[in-house]
Amino acid sequence: MKYNEFEELSEEEKVAVLYADALYIGKRKVNGRPAILYQLDTFYVEVLYLKYRKYIARFIATDDLTILDPYLEQIKIESFV
């Protein structure tokens with residue numbers, strides 16, 4: 001899926017696509033509210049919740065890698081030697 005295709009989806013469709021096809025990156029708090037970051041193909045989607053897994057405040061979709069910064073400590077990278 002491309003970024004512009006994702007942006008055109010309804011909220012329900014966006015949630016369904018993220019749960020079915022996206023890679024979970026991590027979660028954090030933004031102003032005391034939960035946020036979850038996913039990777040979907042070549043871009044990232046941060047879901048900001050009013051109440052965890054109940055009410056979505058907004059989606060932030062971007063291909064800008066700086067969205068990863070608040071999640072870097074949660075990302076586990078393993079070396080296979």
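Conventions used here
Residues numbered from 1 in each chain as written. Predicted model: local features only at pLDDT ≥ 70, side-chain atom pairs only at ≥ 80, totals over all residues. Heavy atoms only, no water. Pairing = 2+ DSSP bridges. Helix = DSSP H or I, 4+ residues; strand = E, 2+ residues; numbered from the N terminus. Axes fitted to C-alpha atoms, helices over the stretch in contact; angles between N-to-C directions. Contact = heavy atoms within 4.5 Å. Salt bridge = Lys/Arg side-chain N within 4 Å of Asp/Glu carboxyl O. Buried < 20%, exposed > 50% of the residue type's maximum accessible area, 1.4 Å probe, protein only.

**A short note on the sheet that holds strand β2 (residues 33-40)**
Consideration 1: Reading across from one edge, β1-β2-β3-β4 is the order of the 4 strands in this open sheet, with antiparallel pairing throughout. One side of each edge strand has no neighbouring strand; the edge strands of this open sheet are β1 (23-30) and β4 (55-62). For this sheet the average axis-to-axis angle between neighbouring strands, irrespective of direction, equals 20°.
Consideration 2: Alignment of strand β3 (residues 43-51) against β4, held across 7 bridges, turns out to be antiparallel. From the neighbouring strand, Val45 faces β4, where its bridge partner is Ala61.
Consideration 3: The sheet contacts of helix α2 (residues 11-21) involve β1, β2, β3 and β4, and relative to β4 the element is tilted by about 65°.

**Some details on the environment of Tyr49**
Consideration 1: Its location among the elements puts Tyr49 in strand β3.
Consideration 2: Taking C-alpha positions, Tyr49 is 9.0 Å from Phe59, a pair spaced 10 residues apart along the chain.
Consideration 3: Excluding residues that lie within four positions of it along the chain, Tyr49 makes contacts with Tyr19, Arg33, Pro34, Ile36, Lys54, Tyr55, Ile56 and Ala57.

**A closer look at the pattern of salt bridges**
Consideration 1: Across all of its chains, the model carries 1 salt bridge by this definition.
Consideration 2: Notably, a salt bridge pairs Arg28 with Glu46, separated by 3.0 Å at the nearest N-O pair. On the criterion of sequence distance, the pair formed by Arg28 in strand β1 and Glu46 in strand β3 is long-range, its members being 18 residues apart.
Consideration 3: Residue Arg28 is classed as partly exposed on the basis of its relative accessible area, which comes to 27%.

Shape descriptors only; they carry no functional weight alone.
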